[in-house]
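Fold and geometry: a report
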Amino acid sequence: MSNQAYSPNLIKRRSFIELNARERASVFFDAGTSRELLGPFDRVESPWLPMQGVTPQEDDGCVVIKGKIAGQAAVVVALEGAFQGGSIGEVSGQKMTAALDLACADNEKGILTSAVILLETGGVRLQEANLGLAAIAELMASILALRKHAPVICLTAGTVGCFGGMSLAAGLASYVVMTREARLGMNGPEVIEQENGVEEFDSSDRALIWAIHGGEQRYATGLADALVDDDTPQVAEVIRRFVSKGVPPEHRSSQVALYRNRIAKLDTSRQWDPKEFRALWTTNASNEENR
Amino acid sequence: MEQIEFNYPAKRKIAQRAHVGVVGSGDLEVLLEPAKGEVAHVFIRTSVDGFRDTWKAVLDRFFTKYDGVVRIQINDAGATPGSVHLRLEQAVEVSER
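1. What about the overall build of chain A?
Helix and strand counts for chain A come out as 12 helices and 7 strands. Computed over the C-alpha atoms, the radius of gyration of chain A is 19 Å, within 12% of the 19 Å expected from 2.2 N^0.38 for a compact globule of 291 residues. When burial is assessed residue by residue, chain A has 49% of its 291 residues classed as buried. Considering only intrachain contacts with a sequence separation of at least 6, the fraction spanning at least 24 residues in chain A is 70%. In the form shown here, chain A has an accessible surface area of approximately 13,700 Å², with 54% of it arising from carbon and sulfur atoms. Each charge class in chain A was averaged separately, 29 positive and 37 negative side chains, and the resulting centres sit 7 Å apart.

2. Here's the deal with the overall build of chain B
Along its length, chain B carries 2 helices and 5 strands. For chain B, the sequential pattern of α-helices and β-strands runs β-β-β-β-α-β-α. Taken along the three principal axes of its C-alpha coordinates, chain B extends 30 × 25 × 20 Å. Sequence separation of 24 or more characterises 80% of the internal contacts of chain B that already satisfy a separation of 6 or more. Carbon and sulfur atoms provide 50% of the accessible area of chain B, an area that totals close to 4,900 Å². Between the averaged position of the 13 positive side-chain charges in chain B and that of its 14 negative side-chain charges there is a distance of 6 Å.

3. Remarks on the sheet that holds strand β7 (residues 226-228) of chain A
Each strand in a sheet pairs with another by means of backbone hydrogen bonds, the pair being arranged parallel or else antiparallel. Residues and elements named next belong to chain A. Overall, mixed pairing links the 7 strands, which are arranged β1-β2-β3-β4-β5-β6-β7 in an open sheet. What marks the edges here is a single partner per strand, and that holds for β1 (35-37) and β7. Taking each pair of neighbouring strands and ignoring which way they run, the sheet shows an average axis angle of 25 degrees. Pairing analysis gives 4 bridges linking strand β4 (residues 113-118) to strand β5 (residues 152-156), with the strands arranged parallel. Residue pairing for β5: Leu 118 is matched across the bridge by Leu 155.

4. Re the interface of chain A and chain B
The interface of chain A with chain B comprises 16 residues on the first partner and 19 residues on the second. Interface area, chain A with chain B, both sides summed: about 1,400 Å², of which 57% is carbon and sulfur. It is Phe 41, Arg 43 and Thr 55 of chain A in chain A that bury the most area against chain B; as a group they hold 46% of the surface buried on that side. Run the count over chain A and chain B and you get 3 salt bridges. Across the pair Glu 45 of chain A and Arg 45 of chain B runs a salt bridge whose closest N-O atoms are separated by 2.7 Å. Viewed at the interface, chain B and chain A are joined by 11 residue pairs in polar contact (both at pLDDT 80 or more). Residue composition of the side of chain A that touches chain B, by class: 7 nonpolar, 4 polar and 5 charged.

5. Quick look at the sheet that holds strand β5 (residues 70-76) of chain B
Residue and element names in this part refer to chain B. An order of β1-β4-β5-β3-β2 is seen for the 5 strands of this open sheet, with the pairing classed as mixed. Strand pairing shows two members of the sheet lacking a second neighbour, β1 (2-9) and β2 (18-21), which therefore form its edges. For this sheet, the mean inter-axis angle between neighbouring strands, taken without regard to orientation, is 10 degrees. One ladder, built from 7 bridges, connects strand β3 (residues 28-34) with β5; its direction is antiparallel. Following the sheet pairing, Pro 34 is matched in β5 by Val 70. Against the sheet, helix α1 (residues 52-65) engages β1, β4 (39-46) and β5, with an angle of about 25 degrees to β1.

6. Here we look at helix α2 (residues 81-95) of chain B
All names here are of chain B. Taking 1.5 Å as the rise per residue, α2 with 15 residues should run 21 Å; its terminal C-alpha atoms sit 21 Å apart, in good agreement. Restricting attention to buried positions, one finds in α2 the residues Val 84, His 85, Leu 88, Ala 91, Val 92, Val 94 and Ser 95. In this fold, the buried residues of α2 make contact with β2, β3, α1 and β5.

7. Quick notes on the packing of helix α4 (residues 90-108) of chain A against helix α5 (residues 129-146) of chain A
Residue and element names in this part refer to chain A. Taken N-terminus to C-terminus, the directions of α4 and α5 make an angle of 15 degrees; their axes are 9 Å apart at the nearest point. One way to sum up the angle between α4 and α5 is to call them roughly parallel. By crossing handedness, the relation of α4 to α5 is classed as left-handed. Where α4 abuts α5, its residues Glu 90, Gly 93, Gln 94, Met 96, Thr 97, Leu 100, Asp 101, Ala 103, Cys 104 and Asn 107 lie against Leu 131, Ala 135, Glu 138, Leu 139, Ser 142, Ile 143, Ala 145 and Leu 146. Partitioned by chemical class, the residues of the contact of α4 with α5 number 10 nonpolar, 5 polar and 3 charged.

8. Considering unusual backbone geometry
Residues and elements named next belong to chain A. Look at the link from Gly 158 to Thr 159: it is a cis peptide, with omega at 5 degrees. For Leu 38, which is not a glycine, the phi torsion comes out positive at approximately 50 degrees. Within the secondary structure, Leu 38 sits in the loop between β1 and α3 (48-51). For Arg 43, which is not glycine, the phi torsion reads 50 degrees and is therefore positive. As for its position among the elements, Arg 43 is in the loop between β1 and α3. Exposure remark for Arg 43: the relative accessible area of 23% places this residue in the partly exposed category.

9. Quick word on the pairing of β5 of chain B
Residues and elements named next belong to chain B. Summarising burial for β5: 6 of the 7 residues are buried, a large majority. Note: β4 against β5, 6 bridges, orientation parallel. Bridge assignment links Ile 44 to a residue of β5, and that residue is Ile 74.

About the cut-offs
Residues numbered from 1 in each chain as written. Chains lettered and ligands numbered in written order. Predicted model: local features only at pLDDT ≥ 70, side-chain atom pairs only at ≥ 80, totals over all residues. Heavy atoms only, no water. Helix = DSSP H or I, 4+ residues; strand = E, 2+ residues; numbered from the N terminus. Rg over C-alpha atoms; globule rule 2.2 N^0.38 Å. Buried < 20%, exposed > 50% of the residue type's maximum accessible area, 1.4 Å probe, protein only. Contact = heavy atoms within 4.5 Å. Areas by Shrake-Rupley, 256 points an atom, 1.4 Å probe, with all protein chains shown as cover. Lys, Arg positive; Asp, Glu negative; His and termini not counted. Charge placed at Lys NZ, Arg CZ, Asp CG, Glu CD. Pairing = 2+ DSSP bridges. Axes fitted to C-alpha atoms, helices over the stretch in contact; angles between N-to-C directions. Buried area = accessible area lost by both parts, 1.4 Å probe. Salt bridge = Lys/Arg side-chain N within 4 Å of Asp/Glu carboxyl O. Polar contact = N/O pair within 3.5 Å; in protein donor to acceptor, adjacent residues only side chain to side chain. Nonpolar A, V, L, I, M, F, W, Y, C, P; charged D, E, K, R; others polar. Expected span 1.5 Å × (residues − 1). Parallel < 35°, antiparallel > 145°, perpendicular 65-115°, else oblique. Left-handed = near helix turned anticlockwise from the far one by under 90°.

Right, here's the structure in full:
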């Protein structure tokens, strides 16, 4: 059997997941248009981590790059999942919020500027507790302000995924893009197991976790707008497409009646199977759209 | 977390700064910048205490070949000596690209 038949597309792919945050943030821009803001040599690091004996990172795990995507001004903010689980501290949170606020100010001046947020995060950085929580609240306010003018696109590629308060931030996005490898959810599997027991959720059951939190399920149930392969050119293409698409007619998080109605219809007296749930929400989605 | 500093004699001016790596488990971040004078200064912050002699051995070996007048900052999250050496060489490669 030839190699071609054995591994058709996989070998040709250029993995996006294997890139670090800075490399990820760089792949979307039109050639020669991008520059990093507050890079590692500016040395704006967390003041709180060294006090607790934790080695800080010079960019606090948050990379901000400004430039043009598909000919249009855009800012990309990428969280580094390998540094403290991509957690949000005072500095990384402020960097994200300030980047979005500057984009919002540009929009108000008439310069259309979108934002792309690359989320690999477990949420608030526990070492910075309240400051991290406050940062996420501010970030959500900034997303809401910006998305009136230009699309805010959240991409979670894996392998960390997007959990905690940052999953709520992703919920406010104009568009959510995921890979099959990514997971998106409020409480992570370990947290659910720890709080409610292994009967509730077995955090060692990878198939179960991905069937509930995984990109494929999130896309199928309408909670993500695109499902992409772990392939850098494809990821970049989809992001460029959403930047060009502009603000959606109605944001997902504004469709309160639709989601209330869907949740009300769920019979919570019994355990739902992810497949069953997918069928229900997919059917619902097409019925509601046809209405 | 332990902070360690070393100085090595150096004479060659370098043109560009370089940043490589991530402060992730078993990895480290290296910031290499041009400096003034005739000394290379190394500043290390590591999450693993008590390995000063190992750091010295790795850097002694690195500076037998490297003579750039630089300021190097290392933020370490428990990288092995081999990884440290590779990241240093990578930083040099990027700074001379």
